[in-house]
Amino acid sequence: MSQFLSYALPGIPYGCAYALMAVGLVLTYQASGVFNLAFGAQAYVSALVFYIAVHDHWPKWAAFVVAVVVLGPALGLALDRLLFRYTRTAPPLVKLVPALGLLLAIPSITQAIFGSAVRDSPPALFLSPDHVYFHLASLGVTGEELATTVVTVVVVAVLVLVFRSGTVGLRMRAVVESPRLTELAGIRADRVGAFAWMLSSFFAGLAGVLLATVYADVSASNFTALLVAAIAAAAVGGFSSLPLTLVGGIGLGVAQEVIGGYLPSGTILSSGLRPAFPFVVLAVLLVARRTFRQGATATDPLAACDPPPPSLRPPPRMAEVALGTRAFTALVAAVFVVTALALVPGNWEFTLTQGLVLATIFLSVTVLTGMSGQISLCQAAFAGVGAFCAGQLAMHFNMPVLAGTLLGGILAAAVGAVVALPTLRLGGIALALLTLSFALVADNVLFVYPWAGNGASGVVIPRPTLFGASLAGNGAFFGLALVVLVLAGMAVGVIQRGSVGEQLAAFRGSETGARSIGVDVRRLRVTAFALSAGLAGVGGALYGSLQQSVSPNDFNYQFSLLFVVVVATMGVYSVAGAVEAGIAYTVLQQAVDNLPSRYGSLLAMVFGLAALSYVRHPEGVVAFVKRWVLDRAEQFARFLQRNDAPDPSEAAAVPGGGR
Amino acid sequence: MALLEAVGICKRFGGIVALSPLSLAVAEGEAVGVVGPNGAGKTTLFNCLFGILHPDAGTITFDGERIDGLPTFRRARLGMARTFQRLELFTGMTPRQHVLVTERVRAGHGHLWEDVVGLGRPGPEEQRMADEVLELVGLTDVADVPVEALALGTGRLVELARALAARPRLLMLDEPSSGLDGGETASVVAILTRVRRERGTAVVLVEHDLDMVAAVVERLVVLDFGRMIADGPVDGVLADTGVRRAYLGDAT
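A brief structural summary. (Residues numbered from 1 in each chain as written. Chains lettered and ligands numbered in written order. Predicted model: local features only at pLDDT ≥ 70, side-chain atom pairs only at ≥ 80, totals over all residues. Heavy atoms only, no water.)

Focus: the overall build of chain A
Turning to step 1, where the next piece is worked out: A tally of helices and strands in chain A yields 24 helices and 6 strands.
Turning to step 2, where the next piece is worked out: Taken against the 2.2 N^0.38 rule, which gives 26 Å for 659 residues, the C-alpha radius of gyration of chain A at 26 Å falls within 12% of a compact globule.
Turning to step 3, where the next piece is worked out: Its C-alpha atoms give chain A principal-axis dimensions of about 90 × 70 × 55 Å.
Turning to step 4, where the next piece is worked out: When the 659 residues of chain A are sorted by exposure, 52% land in the buried category.
Turning to step 5, where the next piece is worked out: Measuring between centres, the 35 positive side-chain charges of chain A sit 7 Å from its 28 negative side-chain charges. (Helix = DSSP H or I, 4+ residues; strand = E, 2+ residues; numbered from the N terminus. Rg over C-alpha atoms; globule rule 2.2 N^0.38 Å. Buried < 20%, exposed > 50% of the residue type's maximum accessible area, 1.4 Å probe, protein only. Lys, Arg positive; Asp, Glu negative; His and termini not counted. Charge placed at Lys NZ, Arg CZ, Asp CG, Glu CD.)

So, the sheet that holds strand β1 (residues 4-13) of chain B
All names here are of chain B.
Turning to step 1, where the next piece is worked out: An order of β2-β1-β4-β5 is seen for the 4 strands of this open sheet, with the pairing classed as antiparallel. Each edge of the open sheet carries a strand with a single partner, namely β2 (16-26) and β5 (65-66).
Turning to step 2, where the next piece is worked out: Inspection of the sheet shows β1 paired to β2 by 7 bridges, in the antiparallel sense. What sits directly across from L4, in β2, is V26. (Pairing = 2+ DSSP bridges.)

Topic: the pattern of salt bridges
Turning to step 1, where the next piece is worked out: Taken as a whole and judged by the stated rule, the model has 24 salt bridges over all chains.
Turning to step 2, where the next piece is worked out: Where R128 of chain B meets E132 of chain B, a salt bridge forms, and the shortest distance between an N and an O atom there is 3.0 Å. Placement of both R128 of chain B and E132 of chain B in helix α5 (residues 124-137) is noted, with a separation of 4 residues, approximately one turn of the helix.
Turning to step 3, where the next piece is worked out: E132 of chain B sits in the partly exposed class, given a relative accessible area of 33%.
Turning to step 4, where the next piece is worked out: Across the salt bridge formed by R162 of chain B and E159 of chain B, the nearest N and O atoms sit 3.4 Å from each other. Of the two residues, R162 of chain B and E159 of chain B are both situated in helix α6 (residues 152-165); the distance of 3 residues between them amounts to about one turn of the helix. For the residue pair R162 of chain B and E159 of chain B, the accessibility class agrees, reading buried in each case.
Turning to step 5, where the next piece is worked out: Three or more residues are tied together by salt bridges with common partners; here these are D80, R81, R88 and D190 of chain A. (Salt bridge = Lys/Arg side-chain N within 4 Å of Asp/Glu carboxyl O.)

Quick notes on the nonpolar core
Turning to step 1, where the next piece is worked out: Grouped together as the largest cluster of nonpolar side chains are 187 residues, with contacts concentrated most on M21, L100, I231 and L436 of chain A.
Turning to step 2, where the next piece is worked out: Once residues lying within four places of it in the same chain are set aside, the contact partners of L436 of chain A are V228, I231, L377, Y557 and L561 of chain A.
Turning to step 3, where the next piece is worked out: Core analysis: the second largest hydrophobic core is formed by 42 residues, L160, L171, L180 and V189 of chain B among them. (Core = buried A, V, L, I, M, F, W, Y, C linked by side-chain atoms within 4.5 Å. Contact = heavy atoms within 4.5 Å.)

Remarks on the sheet that holds strand β8 (residues 202-206) of chain B
All names here are of chain B.
Turning to step 1, where the next piece is worked out: Read from one edge to the other, the open sheet built from 6 strands follows the order β6-β7-β8-β3-β9-β10, with strand pairing classed as mixed. The open sheet is flanked by β6 (80-82) and β10 (227-233), the only strands paired with a single partner. Taking each pair of neighbouring strands and ignoring which way they run, the sheet shows an average axis angle of 15°.
Turning to step 2, where the next piece is worked out: Against the sheet, α6 engages β6 and β7 (170-174), with an angle of about 165° to β7. (Axes fitted to C-alpha atoms, helices over the stretch in contact; angles between N-to-C directions.)

Things to note about the interface of chain A and chain B
Frequently, the measure chosen for interface size is the accessible area that the parts lose on association.
Turning to step 1, where the next piece is worked out: Listed as interface residues are 28 residues of chain A and, on the opposing side, 31 residues of chain B.
Turning to step 2, where the next piece is worked out: Of the roughly 2600 Å² buried where chain A meets chain B, counting both sides, 60% is carbon and sulfur surface.
Turning to step 3, where the next piece is worked out: The largest per-residue losses of area from chain A upon contact with chain B belong to E502, S516 and I517 of chain A, which jointly make up 22% of the total buried on that side.
Turning to step 4, where the next piece is worked out: The tally of links from chain A across to chain B stands at 1 salt bridge.
Turning to step 5, where the next piece is worked out: Of the charged contacts, one joins R104 of chain B and E502 of chain A as a salt bridge, the two residues approaching to 2.5 Å between their closest N and O atoms.
Turning to step 6, where the next piece is worked out: Among the elements of the structure, α17 (474-497), α18 (499-509), α19 (511-516) and α20 (521-547) of chain A are those that each provide at least two residues to the side of chain A that touches chain B.
Turning to step 7, where the next piece is worked out: Its residues assigned to classes, the side of chain A that touches chain B comprises 10 nonpolar, 12 polar and 6 charged. (Buried area = accessible area lost by both parts, 1.4 Å probe. Nonpolar A, V, L, I, M, F, W, Y, C, P; charged D, E, K, R; others polar.)

What about the packing of helix α14 (residues 379-397) of chain A against helix α21 (residues 557-570) of chain A?
Residues and elements named next belong to chain A.
Turning to step 1, where the next piece is worked out: Contact geometry for α14 and α21: axes closest at 7 Å, N-to-C directions at 120°. By the angle between their axes, α14 is oblique relative to α21. Residue-level contacts link Q379, A380 and A381 of α14 to F559, S560 and F563 of α21.
Turning to step 2, where the next piece is worked out: Class assignment of the residues belonging to the contact of α14 with α21 gives a composition of 4 nonpolar, 2 polar and no charged. (Parallel < 35°, antiparallel > 145°, perpendicular 65-115°, else oblique.)

A look at the packing of aromatic side chains
Residues and elements named next belong to chain A.
Turning to step 1, where the next piece is worked out: In the structure shown here, the tally under the stated rule is 13 aromatic pairs over all chains.
Turning to step 2, where the next piece is worked out: Ring plane angle 70° and centroid distance 5.6 Å describe the contact between Y29 and F35, whose orientation is recorded as edge-to-face.
Turning to step 3, where the next piece is worked out: Residue classification places F35 among the buried residues on the basis of a relative accessible area of 4%.
Turning to step 4, where the next piece is worked out: Look at F84 and W197: their rings are 4.3 Å apart centre to centre, the planes differ by 10°, and that puts the pair in the stacked class. Of this pair, F84 sits in the loop between α3 (60-82) and α4 (92-114) while W197 sits in helix α8 (residues 189-211); the two residues are 113 residues apart in sequence, bridging distant segments of the chain. W197 matches F84 in its accessibility class, with the two residues each being buried.
Turning to step 5, where the next piece is worked out: Pairwise contacts between aromatic rings join Y29, F35, F239 and F292 into one cluster. (Phe/Tyr/Trp six-rings, centres within 6.5 Å; stacked < 30°, edge-to-face > 60°.)

Some thoughts on the environment of C378 of chain A
Residues and elements named next belong to chain A.
Turning to step 1, where the next piece is worked out: Within the secondary structure, C378 is located in the loop between α13 (346-371) and α14.
Turning to step 2, where the next piece is worked out: Classification of C378 by relative accessible area gives buried; the value is 0%.
Turning to step 3, where the next piece is worked out: On a C-alpha basis, the gap between C378 and A432 in space is 8.6 Å, while along the polypeptide they are 54 residues apart.
Turning to step 4, where the next piece is worked out: Each residue touching C378, except ones within four places of it in the same chain, is listed here: T435, F438, A439 and S560.

Section: α3 of chain A
Residue and element names in this part refer to chain A.
Turning to step 1, where the next piece is worked out: If you check α3, its first and last C-alpha atoms are 31 Å apart, about what 23 residues at 1.5 Å a residue would give, namely 33 Å.
Turning to step 2, where the next piece is worked out: Where α3 bends most, at L71, the angle is about 35°, and the proline P73 comes one to four residues later.
Turning to step 3, where the next piece is worked out: Along α3, the positions that sit buried rather than exposed are A62, A63, F64, A67, V68, G72, P73, G76, L79 and D80.
Turning to step 4, where the next piece is worked out: Summarising the contacts, the buried residues of α3 are in contact with α2 (39-55), α4 and α8. (Expected span 1.5 Å × (residues − 1). Bend = angle between axes of the 7 residues up to and from the residue.)

So, the environment of A19 of chain A
Residue and element names in this part refer to chain A.
Turning to step 1, where the next piece is worked out: Topologically, A19 is positioned in helix α1 (residues 2-32).
Turning to step 2, where the next piece is worked out: Accessibility expressed as a relative area gives 0% for A19, which makes it buried.
Turning to step 3, where the next piece is worked out: Sequence separation of A19 and W628 is 609 residues, and the distance between their C-alpha atoms is 47 Å.
Turning to step 4, where the next piece is worked out: When residues no more than four places from it in sequence are discounted, the contact partners of A19 are T152, T245, L246 and G249.

Concerning a nonpolar patch on the surface
Residue and element names in this part refer to chain A.
Turning to step 1, where the next piece is worked out: Together, W58, W61, V65, V66, V69 and V70 make up an exposed nonpolar region whose accessible area comes to about 560 Å².
Turning to step 2, where the next piece is worked out: Mapped onto the fold, V69 is located in helix α3.
Turning to step 3, where the next piece is worked out: Take V69: its relative accessible area is 40%, and that puts it in the partly exposed class. (Patch = residues over 30% accessible without salt bridge, like charges linked within 9 Å, V, L, I, M, F, W, Y side chains within 5 Å. Areas by Shrake-Rupley, 256 points an atom, 1.4 Å probe, with all protein chains shown as cover.)

Thoughts on the pairing of strand β4 (residues 57-62) of chain B
Residues and elements named next belong to chain B.
Turning to step 1, where the next piece is worked out: Bridge analysis of β1 against β4 gives 5 bridges, and the strand direction is antiparallel. Bridged to E5 within β4 is T61.
Turning to step 2, where the next piece is worked out: Judged from the 2 bridges that link them, β4 and β5 form a sheet pairing that is antiparallel. Each bridged residue has a counterpart across the sheet, and for T61 the counterpart in β5 is R66.
Turning to step 3, where the next piece is worked out: In this antiparallel pair of consecutive strands, β4 and β5, the connection spans 2 residues, and D63 shows a positive phi of 55°.

Take a look at the structure:
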């Protein structure tokens, strides 16, 4: 019994850390409708400012006031005014992408402002963190544990009281459901929305300062890792009940410690299962509980008052303009190929090849998120499956890399189909979170096995050969990557325009409507997942062969999040968007690598900020610019036509191919 | 033999009895109106017939085959089609695309290999059939406009066109005239009459507009609190005192 307690008791303060983050997440979700994965990043900002102020010899209370009371709500207000105000009635993807963008942008902006020095031994707010204050069942309770536990319980109690007793909570939830209806009731929706963000950001700041001492140093990735694990606690509360979330968090912490204590040490399962435990719990909860089932979501009755969103498919263009576009695209492609092969030094050729390979992986996002409307946060894991399959086959069976790539794609497709099965009852955020939990279990458990990703040692994948001729040279590999991308792009295009694509479009428009005309929605969803995972697997295997050695860290969940942000920003509804995203990302990465390390995360910042434009342009920034340019081109072409042939029967817009 | 036969359908939501044992039979080519006050269970009945909800008890037979256990999409493929009270349109698609995708799903398309080999695109025969349906419903002018840019009345016509594109044996319409003006309602009546005449489609019509229902159907079923309180020829049912009390209240 005392052994059980010796495992369980330290789990309580751990659990309170989860609970604090989870409560913040649930608060934000209920108050603003946004599942704010950037909550950890917001916590990080306040923790950092507090740290710097205290190290600058500010008194703790002053540092707290600036870092939490002032900075938190100020950040929240800015986020609402600049960004989330426009997403109030938007679908889940449009709400998620800016949050993911902020997850990337906030830490890199902070780093650019404050530098990237390591900040260890974060200061505690009350009590001294390592001092043992008293003993419980012969275990010492440190200041940090005591502070975390007490503050968490107090804060949650206060929040519950505030929401139960006043109209504040009710108003916030009403605005989430329908801002316009609340305005008709005489409530200023904008003010309530802004207050909601200020409150939840204050909470993020508080959580940041309080939990900073849990880790050895103040870093954004620590907070995000804690947040991601805390999602399981939020799931216990069904993303709505604060008291249940608290219970869930504490339970999660205790269970994790107990399991870690009783599992035999030294096996992969024990070293992987303990950190992966929250994600397994999350997956089980998402699948088992009714609350997350995709029911009739409460739609805003006044949503029709907004103008229809910009059409996601490009409009048909005049024949001349369409022809001009095709010619221009061909020219750009030719210039690109020639540049890569002949005009740039070797490392740039490598970069551009990487861009092509990444574009192939990005096509998987186009298929799953663009075509079928499902948000997947585990695409990098599928890529990893392909890569490790190819590598293991090459290592153990001397299988040629190209054959291994194909098999890797097929295996990844099978894994994708399996992952799709539990998602069939879910939709929107719940589906995204289930895929995220898969990604994390893959990172921590699956890929660590020697027969998979082989943990830190990684897997070696040689360069490919084709019928004996080596494709190892940079130029030859570039050619291979180009051919694969072209084939993949053509395949996706053909599917998009064909019968599967139109059924996916119908499903995306209305699942009930699709079922009512006879579409087998379950088979369709699994097909979309399998196709998408297969593409990611092929891209992953090629990536591995390009790098010649890969490890699980090359495919971790943060890449999955990044992929969604990058592709959504550039344009998730077209093949061109994926290609442009892949090339732009790697080119920018290479360019940024040459800057001082302070700006190392500049790339994340750029894409993070660009993701914020996604709110106004869900068709993609590049698609938006292209459309603008082509609109002007069409205007010009019509102007020329009018001058050339002034007869009344001038050619009307002939539906061309467009992009 | 009836085309559609529902026997003893019960549905509860927690403590609320939406449908106490309810039985309904629709013959081939027949037109039946289902009316009743709000909350009577009309849409719940439709949802049970179509597989969107599972009844707690009862059997449903279509064309002699038991369909209780079948998912919605299978029932649709057997020849049932439906429109929805709150529109379920495919946002982002045009009316023509709505009709085409429905035809092609009915024809059995939707396989990856077809698309890859180049057989995935709509053929001329399918386009012709689509044009026919669009012309029948009067959507030819807006056939290539994305549906989110269309007005509600036109949206209802798109749903109707989509339901007709599958050439159903049974057409189930849930408040098709809701939100439509007199002229639009009259066109819906004309379309339904023409469809019944030319194709022999059976129609089940849930409606509040009694004039409209009387113009389309021969038989009227009245629901109230989940029970059927009348079932018979239109004129007789409308004159029934029990129906009047339920629908219009006591002060006659």
